[in-house]
Amino acid sequence: MSNWPLRAGSVLVTLSILLLWQAVTASGLVAPVFLPSPSSTFANLWRGLIRGDLLGLTLSTMERMIYGWMLASLGGILLGALIGLSPRARYWLTPTLELLRPLPASTLLPVGIALFGLHPSMLLGIIAFGAVWPVLLPTIHGFSAIDPRLREVARNLGIGPFSFAIKFGLPNALPDVIAGMRLSLTACLIITVVGEMITAQQGLGATIMMAARSFRSTDLYAGIILLGVVGAINNALLGIIERALTPWRTAHA
Amino acid sequence: MFCSIMSRRLIDLLNTLPAWLVPLSLLVAVEIAMRGSGIESDGLALPSQVAIALAGLIADGEIFLRTAETIGAIAVGVPVGGTVGLLLGVWLGLSPKAAQLASLSIELFRPIPPVAIIPLTLLIYGLGIRMEAAIVAFACFWPMLLLTRDAVRSVEPRLIEVARMLGLSRARQIATIAIPAALPRIFTALRLTLGIALIVAVTTEITANPIGLGYAIISAGLSLRPEAMYAFLVWLAVLGWLLNAGLIALHRRLFGAAHGEVAA
Amino acid sequence: MNAPLAPAVAACAGPAIAFDGVRLDLGGKCIIDGLSLTIAPGEFACVVGPSGCGKTTLLRLVTGLLSPTLGQVRRFGAPVDGPSRDVAIVFQDYGRALLPWRTASGNVALALEAMNTPRGERVERVAGLLDKVGLTGHGDKYPAQLSGGMQQRVQIARCLAQGPRVLLMDEPFGALDALTRQALQDEIAKLISESGATALFVTHDLDEAIYLGDRVFALQGNPGRLAEVIDVDLQRPRDQLRTREHPEFLRLRHVLFDHVQKTH
């Protein structure tokens, strides 16, 4: 992206998509209840943010997502490190993990509802449980796949098992762990939104569902845009974490 | 050669066999503990009850009906979203300029979670297979676009140079070098996309659309038939596993010999 | 700054390294058979031989990463029973032997951390070691930001940080370009003579072996055995041009070359 004409061009492409949207709605080809104009959508979005209600809904969705993500990351990293560092644990637990993995996280919501009812902490638990897999599996791999040469270096220097886990295992796993945490955060956002839609707990998911059912399309589009913004913030956040924690991968001569 | 690979796989399988006792004995332990304690819950079911329920659902064909509904939505959504993503991906992979022009739009629209458009498709299409197929198409478009773009972009530049030295036209460079070289990775993209499609379809059914396996799971849960809920879950997990394993086997068969190194 | 590097000069009489009728079988194959040799404290010994003759295995026996099937390996009179910080090893594949997530300084500091050197001392000692290997000002760079020669210097600095009595080197300059290799040859010769450590240097390059060594051990393969030992009586410090043009150098080169031709 060093090339500024192309950079400006990419802004123009985005603007022309918005203009096309505006033109389609102005022409009357599509009913505004299906596709409101971008100007009225953004005006509505702005009003909602100023009034504070949209902001509050966004924040409660984000809060749920972040808590679930932190639980999933913590659990995934600790468990993954233990399994990854011990060949025996890896041997005995791999089939069990393989059996649990292919279940889509959203299918756990009905199970959670059946077991615990529509409880806010149930939703949080399901988010964390569903989002733990993308962290757990790469963490196991990162801790177990250490270059044999580095193991020799450690043996030669007489480095103990705990020191080895901290100084060799953790940094070796970190790029995989962060990639997993990125997927996990995406999963958290998805499960959070689905969970809010099903359980009607306060948040953007329930709000856009209500908006659709009552044909308030500008509210619906505003909510979708906000969810996109949350997704974009997640990406940016993970980018910052990645650069801060794995500088050796981003640094170049 | 083939024989030795087969026997090695067999040996690997036999070696992991004892570890498969772990999930099995967990199930037995749950069965014994639940029978012993006499726990009754609307959310729990004995593993044996779940097995019986699964057999019943298979016997009366209901499970196949539900599966067909889910697969129907995937069968419509994936070709639509996947093809558009594939074509755009090839284009962006071949032309760095086009990729840069599209980059901002991709960065802005890509983060929208597919489940966020469930209400939108509901508004436009109402309930039914069309809304679900539309969500699947939207969800498949992005990974197909990005993975195909990366697959085409990462074709060994030396191969392109060879093609140019041979004096091939631009179109033949693409047709004879770029696309075949990227094919194994494009197939991997297709496999990942199909996995996503299954997840998104089931999620849509759980959330809003009263058809398919997802709806079967949540309605069984809500109507206090936990054994049926778990039976559908087990079935879904098997289905997802079979889909993935089948596509990996197909990948090996299609590209194993010619592209072994490239695929790895 | 020399103090921490100088090993306790072997007060005890007897060899620094001794192989006594050593045989090693790995995976049912005899790798080394009937190998006996001794290396005196402070000696610079080089090992040459065709690939697969057990040169690297010989080093591993000295580190204790491998144990002999028959016979005994002793360091300073005591049988080897596992890795010790008295013995440092420089691997050929520096790219895999350095921690990619640590800077040059961090990689050198690893050895000091392993020896529980007080934190306060580390910074100064690491800086001193980096100066010594010619990496002044590069301490904050990650391995990926350094050239191959510089990465190998980091590995050498890490080994020196251990304050080893024995320095083992496994074709340390094999992957480097000719000019870098020559510069590093002179530096390693200087560092070894300053530290007083015993050096065991494996190489496939006959010229390198003669240029660096006090003695050259020539091995022959299948299984690895000692074929010939030559004493190198060339004045130190050696010089890349004059030493290599010296009649004695050329004579030794002939002897070794003829020998290698014969055993091939």
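In case you missed it, the structure is sitting above this.
Because the structure is predicted, anything quoted here is derived from the model rather than measured. (Residues numbered from 1 in each chain as written. Chains lettered and ligands numbered in written order. Predicted model: local features only at pLDDT ≥ 70, side-chain atom pairs only at ≥ 80, totals over all residues.)

Participant: Just to check I follow, could you spell out the overall build of chain C for this structure?
Facilitator: What chain C contains, in helices and strands, is 9 helices and 10 strands. Relative to the 2.2 N^0.38 estimate, which gives 18 Å for 264 residues, the radius of gyration of chain C is 18 Å and therefore close to what a compact globule would have. For chain C, the C-alpha atoms occupy an extent of roughly 55 × 45 × 35 Å along the three principal directions. Taken over 264 residues, chain C has a buried fraction of 42%. When contacts within chain C are restricted to residue pairs at least 6 apart in sequence, long-range pairs at least 24 apart make up 71% of them. (Helix = DSSP H or I, 4+ residues; strand = E, 2+ residues; numbered from the N terminus. Rg over C-alpha atoms; globule rule 2.2 N^0.38 Å. Buried ≥ 20, exposed ≤ 12 C-beta atoms within 10 Å, placed from the backbone. Contact = placed C-beta atoms within 7 Å.)

Participant: Is there a simple way to explain helix H7 (residues 129–153) of chain B in this structure?
Facilitator: Think of an α-helix as turning once every 3.6 residues; residues three or four places apart then point the same way. Taking 1.5 Å per residue as the helical rise, H7(B) with its 25 residues ought to reach 36 Å, and the 35 Å between its terminal C-alpha atoms agrees with that figure. Along H7(B), 20 of the 25 residues are buried, which leaves the element largely enclosed by surrounding structure. (Expected span 1.5 Å × (residues − 1).)

Participant: What's the story with the nonpolar core in this structure? I'm lost.
Facilitator: Soluble globular proteins: nonpolar side chains tend toward being buried together. Ala131(A), Cys188(A), Val136(B) and Phe232(B) are the most contacted members of the largest nonpolar core, which has 118 residues in total. Examining the composition of this core, we find that 16 residues originate from one element, H7(B), more than from any other. Excluding anything up to four places from it in sequence, Phe232(B) contacts Leu213(B), Ala216(B), Ile217(B) and Ala220(B). Counting residues in hydrophobic clusters, the runner-up holds 78 residues, among them Leu98(C), Ile188(C), Leu191(C) and Leu219(C). (Core = buried A, V, L, I, M, F, W, Y, C linked by C-beta atoms within 7 Å.)

Participant: Please explain the sheet that holds strand S4 (residues 70–75) of chain C as it appears in this structure.
Facilitator: Strand pairing in a sheet relies on backbone hydrogen bonds, with the paired strands running either antiparallel or parallel. All names here are of chain C. In space, the 4 strands of this open sheet follow the order S2-S1-S4-S5, with antiparallel pairing throughout. Strands at the two margins of the open sheet, each flanked by one partner only, are strand S2 (29–39) and strand S5 (78–79). Two elements, S4 and S5, share 2 bridges in a ladder whose sense is antiparallel. Its bridge partner being in S5, Arg74 is matched across the sheet by Pro79. The sheet strands contacting helix H1 (residues 55–63) are strand S1 (17–26), S2 and S4, and the helix crosses S1 at an angle near 115°. (Pairing = 2+ DSSP bridges. Axes fitted to C-alpha atoms, helices over the stretch in contact; angles between N-to-C directions.)

Participant: How should unusual backbone geometry be read in this particular structure?
Facilitator: With the exception of glycine, most residues fall at negative phi, and the peptide bonds are largely trans. The residue after Asn222(C), namely Pro223(C), is reached through a cis peptide bond having omega -15°. The topology assignment puts Pro223(C) in the loop between strand S9 (215–220) and strand S10 (225–231). That bond from Arg236(C) to Pro237(C) is cis: its omega, -5°, falls within 30 degrees of zero. Mapping Pro237(C) onto the fold places it in the loop between S10 and helix H8 (242–245). Positive phi, close to 55°, is recorded for Ala200(A), a residue that is not glycine. The class for Ala200(A) is partly exposed, based on 14 C-beta atoms found within 10 Å. The residue Asn222(C) is not glycine, and still its phi comes out positive at about 55°. You can see Asn222(C) is positioned in the loop between S9 and S10. Given 14 C-beta atoms within a 10 Å radius, Asn222(C) is considered partly exposed.

Participant: Is there a simple way to explain the interface of chain B and chain A in this structure?
Facilitator: Accessible area lost upon the coming together of the parts serves often as the stated size of an interface. The interface is formed by 42 residues belonging to chain B together with 47 residues belonging to chain A. Ranked by residue count, the leading element in the side of chain B that touches chain A is helix H5 (residues 96–109) of chain B, at 8 residues. Looking at side-chain class alone, the side of chain B that touches chain A contains 31 nonpolar, 9 polar and 2 charged residues. (Nonpolar A, V, L, I, M, F, W, Y, C, P; charged D, E, K, R; others polar.)

Participant: Would you mind showing me how to read the interface of chain A and chain C here?
Facilitator: On the side of chain C, 18 residues touch chain A, which itself brings 15 residues to the contact. Broken down by element, the residue count for the side of chain A that touches chain C peaks at 6 residues, all from helix H7 (residues 148–156) of chain A. The residue makeup of the side of chain A that touches chain C, split by class, is 8 nonpolar, 3 polar and 4 charged.

Participant: What's the story with the arrangement of the chains in this structure? I'm lost.
Facilitator: There are 2 pairs of chains in contact here, and the one with the most contacts is chains A and B. Here chain B and chain C are not in contact; the least distance found between their C-alpha atoms is 18 Å.

Participant: Explain the packing of helix H8 (residues 161–199) of chain A against helix H9 (residues 204–213) of chain A here, please?
Facilitator: Each packed pair of helices is defined by two parameters, the angle between the axes and the distance between the axes. All names here are of chain A. Viewed as axis vectors pointing N to C, H8 and H9 meet at an angle of 55°, and their least axial separation amounts to 7 Å. Taken together, the axis directions place H8 and H9 in an arrangement best described as oblique. The two elements H8 and H9 cross, and the hand of that crossing is right-handed. Contacts between H8 and H9 pair Thr192, Val193, Val194, Gly195, Glu196 and Met197 from the former with Leu204, Gly205, Ala206 and Met209 from the latter. (Parallel < 35°, antiparallel > 145°, perpendicular 65-115°, else oblique. Left-handed = near helix turned anticlockwise from the far one by under 90°.)

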